[in-house]
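# Observations on the model geometry
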Amino acid sequence: MKSYIVLLLLLIGCNIPHKLDDKWEPLTHVVEGPGGSGWVTTISPFVFVGDLEKFLEKRPVDSAPYNSILLHERWHALTQEEMGLEEFLLKYATNQKFRWEQERLGWYLEIELAMRQGHWIDPRIVKSGLKKYTPSLASDSEIDEWVDSVYNGSFVPPPGIKALLDSFE
Ligand SMILES: [Zn+2]
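Residues numbered from 1 in each chain as written. Predicted model: local features only at pLDDT ≥ 70, side-chain atom pairs only at ≥ 80, totals over all residues.

### Digging into the overall build of the protein
Each helix and strand in the protein was counted, giving 8 helices and 4 strands. When the helices and strands of the protein are placed in sequence order, the string is α-β-β-β-β-α-α-α-α-α-α-α. What you see for the protein is a C-alpha radius of gyration of 15 Å, in line with the 15 Å of a compact globule of 169 residues. Overall, the C-alpha framework of the protein stretches about 45 × 35 × 30 Å when taken along its three principal axes. Counting over 169 residues, the protein shows a buried share of 27%. The contacts in the protein between residues at least 6 apart in sequence include a share of 50% that link residues at least 24 apart. (Helix = DSSP H or I, 4+ residues; strand = E, 2+ residues; numbered from the N terminus. Rg over C-alpha atoms; globule rule 2.2 N^0.38 Å. Buried ≥ 20, exposed ≤ 12 C-beta atoms within 10 Å, placed from the backbone. Contact = placed C-beta atoms within 7 Å.)

The following block contains the structure:
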């Protein structure tokens, strides 16, 4: 566990980390990491982004895009706390079903919270976003079908996810 923390500190870029409100626990900071500018990933308690300034420019604090992406990342962080980080990372790397479950529920939270706060995320962006993961999350047709089911209201999330969404308000 300690070695992860050292590794995480090495990954942190030059920009001062963005401190998060307590309501995002177990997440504490958004920090700049080594990825490209659109890149967002969570290793609790940190959310790593490729370009912190751009991230906050596109998502001002407490705006719908800010809240919805942080809820997505908080879901990963909560799972990491529950499973243990090592177990989570191993399973995420080796088990496609788990990866797909993590990401689609994360995106579900993001889409739904954005919508509740008056911000529409284009389903085409969600589809192409989900297809960009490597290794892949699911087949293209499975991804398309799932995104359509979210937007037409037929997707029923597990009770814990619904509770997480409702707890935000
Ligand atoms: Zn995610």
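### Here we look at unusual backbone geometry
The linkage connecting E25 with the following residue, P26, adopts the cis geometry, with an omega of 5°. Relative to the elements of secondary structure, P26 occurs in the loop between strand 1 (18–19) and strand 2 (29–32). That bond from S44 to P45 is cis: its omega, 10°, falls within 30 degrees of zero. Along the chain, P45 turns up in the loop between strand 3 (40–43) and strand 4 (46–49). We note that D62 has phi near 75°; this positive angle belongs to a residue other than glycine. Here D62 is to be found in the loop between helix 2 (52–58) and helix 3 (64–83).

### Observations concerning the pairing of strand 2
Here strand 1 runs beside strand 2; their pairing, made up of 2 bridges, is antiparallel. Counted as the bridge partner of K19 is H29 from strand 2. In the sheet, strand 2 pairs with strand 4 via 4 bridges, with the strands oriented parallel. Following the sheet pairing, V31 is matched in strand 4 by F48. (Pairing = 2+ DSSP bridges.)

### Focus on the packing of helix 5 (residues 96–116) against helix 8 (residues 159–167)
Between helix 5 and helix 8, the least distance of the axes is 10 Å, while the angle of their chain directions is 35°. Between helix 5 and helix 8 lies a crossing whose hand is right-handed. Where helix 5 abuts helix 8, its residues L105, Y108, L109, E112 and L113 lie against I161, L164 and L165. Here the residues of the contact of helix 5 with helix 8 sort into 7 nonpolar, no polar and 1 charged. (Axes fitted to C-alpha atoms, helices over the stretch in contact; angles between N-to-C directions. Left-handed = near helix turned anticlockwise from the far one by under 90°. Nonpolar A, V, L, I, M, F, W, Y, C, P; charged D, E, K, R; others polar.)

### Quick word on the pairing of strand 4
Alternating residues of strand 4 divide into F46 and F48 and V47 and V49, and every residue in both groups is buried. Summarising the sheet, strand 3 and strand 4 pair through 4 bridges and their orientation is antiparallel. Bridged to V40 within strand 4 is V49. Following strand 3, the chain reverses through 2 residues before pairing antiparallel with strand 4.

### Some words on the sheet that holds strand 4
Pairing is mixed in the open sheet, where 4 strands are placed in the order 1-2-4-3. Both outer strands of the open sheet, strand 1 and strand 3, are each paired with one neighbouring strand and no more. Lying over the sheet, helix 3 contacts strand 3 and strand 4, oriented at roughly 35° with respect to strand 3.

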